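Here are the chains, one letter per residue:
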Amino acid sequence: MDEIKQLVAAIKKGDLKPIYFLMGEESYYIDKISDYIEDNVLEETEKGFNQMVLYGRDVTIDDIVSNAKRYPMMAERQVVIVKEAQDLSRTIEQLAKYAANPQPTTVLVFNYKYKKLDKRKALYKAIKKIGVVYESKKLYENQVSDWIRRTLAGKNYEISPKAAQMLVEFLGTDLSKIDNELNKLKIVLPEGTQITPEHIEENIGISKDYNNFELRKAVGQRNIIKAHQIAKYFAENPKDNPMVVTVVLLFGFFSQLLQLHGMSDKNPRSVATALKVNPYFVNEYIEAARNYPMKKVSFIIGVLREFDVKSKGVGSNSVSQGDLLKELLVKVLG
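Residues numbered from 1 in each chain as written. Predicted model: local features only at pLDDT ≥ 70, side-chain atom pairs only at ≥ 80, totals over all residues. Heavy atoms only, no water.

Caption draft 1: Structural context of the layout of surface pockets. Quantified by volume, the largest pocket comes out at close to 660 Å³. The wall of the largest pocket is formed by 27 residues, among which Glu 141, Asn 142, Gln 165, Arg 216 and Lys 276 lie closest to the centre. Within the residue set of the lining of the largest pocket, elements represented by two or more residues are helix 7 (141–153), helix 8 (161–171), helix 13 (243–261) and helix 14 (268–275). No other element matches the 6 residues that helix 13 contributes to the lining of the largest pocket. Here the residues of the lining of the largest pocket sort into 14 nonpolar, 7 polar and 6 charged. (1 Å grid on protein atoms, 1.4 Å probe; cavity = no way out; pocket = protein on both sides within 12 Å on 5 of 7 lines; lining within 4 Å. Points joined across faces, edges and corners; volume = space filled by probe spheres on them. Helix = DSSP H or I, 4+ residues; strand = E, 2+ residues; numbered from the N terminus. Nonpolar A, V, L, I, M, F, W, Y, C, P; charged D, E, K, R; others polar.)

Caption draft 2: How the structure looks around the side chain of Ser 160. Relative to the assigned elements, Ser 160 resides in the loop between strand 6 (158–159) and helix 8. The contacts of Ser 160, once residues within four sequence positions are left out, are Gln 194, Ile 195, Thr 196 and Pro 197. (Contact = heavy atoms within 4.5 Å.)

Caption draft 3: Examining empty space enclosed by the protein more closely. Evaluation of the coordinates by the stated rule reveals 1 cavity of 30 Å³ or more. Estimates place the volume of the largest cavity at around 50 Å³. Along its surface, the largest cavity is lined by Arg 216, Lys 217, Gly 220, Gln 221, Phe 253, Glu 284, Tyr 285 and Glu 287. Breaking the lining of the largest cavity down by element, the ones donating at least two residues are helix 11 (212–220) and helix 15 (282–291). Residue composition of the lining of the largest cavity, grouped by class: 2 nonpolar, 2 polar and 4 charged.

Caption draft 4: The arrangement of the sheet that holds strand 1 (residues 19–24) in detail. Across the sheet, which stays open at both edges, the 5 strands sit in the order 2-3-4-1-5 with parallel pairing between neighbours. Single-partner strands in this sheet number two, and they are strand 2 (51–55) and strand 5 (132–135). On average, each strand axis in the sheet is inclined to that of its neighbour by 15°, with strand direction left out of account. The pairing of strand 1 with strand 4 (residues 106–113) spans 6 bridges and is classified as parallel. Counted as the bridge partner of Phe 21 is Phe 110 from strand 4. Of the strands in this sheet, strand 1 and strand 5 touch helix 1 (residues 2–12), which is tilted by about 150° from strand 5. The sheet contacts of helix 4 (residues 61–68) involve strand 2, strand 3 (78–83) and strand 4, and relative to strand 3 the element is tilted by about 165°. (Pairing = 2+ DSSP bridges. Axes fitted to C-alpha atoms, helices over the stretch in contact; angles between N-to-C directions.)

Caption draft 5: Layout of helix 9 (residues 175–188). Between its terminal C-alpha atoms helix 9 stretches 20 Å, which fits the 20 Å expected from 14 residues at 1.5 Å a residue. Within helix 9, the full set of buried residues consists of Leu 175, Ile 178, Asp 179, Glu 181, Leu 182, Leu 185 and Lys 186. Viewed along the axis of helix 9, the buried residues span an arc of 165°, placing them on a single side of the element. Lining the buried residues of helix 9 we find helix 2 (27–40), helix 7, helix 8, strand 7 (194–195) and helix 10 (197–204). Measuring from the side-chain oxygen of the N-cap residue of helix 9 to the backbone nitrogen of Ser 176 gives 3.0 Å; that N-cap residue is Asp 174. (Expected span 1.5 Å × (residues − 1). Buried < 20%, exposed > 50% of the residue type's maximum accessible area, 1.4 Å probe, protein only. Arc of directions from axis to C-beta. Polar contact = N/O pair within 3.5 Å; in protein donor to acceptor, adjacent residues only side chain to side chain.)

Caption draft 6: Structural detail: the pairing of strand 2. Direction of pairing for strand 2 relative to strand 3: parallel, over a ladder of 5 bridges. The residue of strand 3 that forms the bridge with Val 53 is Ile 81. Assessed by its sense of winding, the connection that carries the chain from strand 2 through helix 4 to strand 3 is right-handed. (Right-handed = clockwise from strand over helix to strand, strands pointing away.)

Caption draft 7: Spatial organisation of the packing of helix 14 against helix 15. Direction vectors running N to C along helix 14 and helix 15 enclose 95°, while the axes themselves pass 9 Å from each other. If you check the angle between helix 14 and helix 15, you find them roughly perpendicular. Packed against helix 14, whose contacting residues are Pro 268, Val 271, Ala 272 and Leu 275, the element helix 15 presents Val 282, Tyr 285 and Ile 286 at the interface. For the contact of helix 14 with helix 15, the class distribution of residues is 7 nonpolar, no polar and no charged. (Parallel < 35°, antiparallel > 145°, perpendicular 65-115°, else oblique.)

Below is the structure:
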């Protein structure tokens, strides 16, 4: 985040580089930076002749260089943005010659999603000397809740830990998807609101009581009735609650419990740091560790490996996902 703020602040000041190469696994920040340049570098009256958007699948490196070498018309500079530039990955190194001597009146932007330049090669080294190479890294799941909180705080909203976790469980780590849902909430909720699980349920359609987050909690508490109620709901709504996602979540949970059992310092703060979980949820992990001794946790991890294969259709084609989940819970909770 700090790197992005510095990059945007430099652009605002007019400290523009001839090449911005935006790359990496997380497309959200690539789009945000590219959109900011597209919207703010040129005046509206300058954009008609001096701003061009190209797409990697439709152009060659020679086409891009040819456009980049043009002089601006009645403006100080021109902007050339290459979206979906990863489609040029096989020939991208051909840009190295231009990068070594770029047109100073052109701002050339590459959106190179889900891939990275080879830092050992000439192109990367050339751009680093005269331009910006920004790598947008995927956030780990345990970092996304904090990202949601910080993003909302910047717009004068708050969110409860459970509500944030619901979004992560339902949407994963795709920041673009999460941002879209947050924007929906900001439309219907006034500034200063603390977003709750009820808001998530009413406006996004994620059940606050029947989701993987609540299933994990019920399993940790060994609340057999609640766990099977959630499993029944999942069986009735299989498209929204795929078995494979549930198994992955439970596997992660019991792997964390195994790590917790091996810790000598079980102070809540130490547990939160070691397991990379929000301190708000630490007591759930500590309670679950009491309910599941290390030997039982090791057994359950083996069971989850078995059901991970079954959830993908191996050796269980005739068994419904709902029945598989019920069978899994019997073995875990038994």
